[in-house]
Amino acid sequence: CARTISGRGLALHSNSERGWRAALYNHPILLISGLFLTGLLLVVLGNNYAEDREARSFAAFTERLMQTFVEQQQRELEKLVRDYAVWDDFFNHAHDDSFDQEWLDRNVTDSLYRNFAVADALVVATDQRVVHALNRGESVTLATLAEWNHEFADIWRRQLRLRPAT
């Protein structure tokens, strides 16, 4: 509905006919505000996306860390279980009444060092005679406990004196 005023060719339009383009042209603050709000929205959305991605990454890292910890604990428990699983056999073959040197040589081996990180393994008779000894998995010959560690031998001797006779 354009009308011409006094023949000059000037067309007047109603507000509804001019639309949003004319409103932005006549009021540039609306354009600037709209661009600012759009930019702000993009920054907020980008920030939320980054935080979400970081949270997922942290959760994945934490999960991997916990899985590694659980696996390490499981290995330690398996070592412990293997250690205690053979303790009864060890006692039965290393006890004074049923001492079996061949069994000790076959079963008390470098696996103590490799699997359990036991640096020294000694089987000692009650008279402090070393009947089987390993150092870092290698067989060593020791006549007495004092050759390995005299302080430990002295402590053992004192404890045997304090023990009531049975």
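**Re the environment of Tyr-113**
Structurally, the position occupied by Tyr-113 is in helix H5 (residues 111–116). Distance from Tyr-113 to Asn-135, taken between C-alpha atoms, is 8.3 Å for residues 22 residues apart in sequence. Here Tyr-113 is in contact with Val-118, Ala-119, Arg-136 and Gly-137, once residues within four sequence places are set aside.

**Details of the nonpolar core**
One broad rule of soluble globular proteins: the nonpolar side chains tend to lie buried together. Of all hydrophobic cores here, the largest spans nine residues; its members are Ala-94, Trp-103, Leu-104, Val-108, Ala-121, Val-123, Ala-125, Val-131 and Leu-134. When contributions to this core are tallied by element, the ones reaching two or more residues are helix H4 (101–107), strand S3 (120–124) and strand S4 (130–135).

**Here's the deal with the side chain of Gln-128**
Mapping Gln-128 onto the fold places it in the loop between S3 and S4. Non-local contacts of Gln-128, meaning those with residues more than four positions away in its chain, are made with Ala-143, Thr-144, Leu-145, Ala-153, Trp-156 and Arg-157.

**Some thoughts on a nonpolar patch on the surface**
On the surface, Phe-36, Leu-37, Leu-40 and Val-44 cluster together into a nonpolar patch covering about 400 Å² of accessible area. Its place among the elements puts Leu-37 in helix H2 (residues 28–85). Look at Leu-37 and you get exposed, because its relative accessible area is 54%.

Conventions adopted
- Residues numbered from 1 in each chain as written.
- Predicted model: local features only at pLDDT ≥ 70, side-chain atom pairs only at ≥ 80, totals over all residues.
- Heavy atoms only, no water.
- Helix = DSSP H or I, 4+ residues; strand = E, 2+ residues; numbered from the N terminus.
- Contact = heavy atoms within 4.5 Å.
- Core = buried A, V, L, I, M, F, W, Y, C linked by side-chain atoms within 4.5 Å.
- Buried < 20%, exposed > 50% of the residue type's maximum accessible area, 1.4 Å probe, protein only.
- Patch = residues over 30% accessible without salt bridge, like charges linked within 9 Å, V, L, I, M, F, W, Y side chains within 5 Å.
- Areas by Shrake-Rupley, 256 points an atom, 1.4 Å probe, with all protein chains shown as cover.
- Salt bridge = Lys/Arg side-chain N within 4 Å of Asp/Glu carboxyl O.

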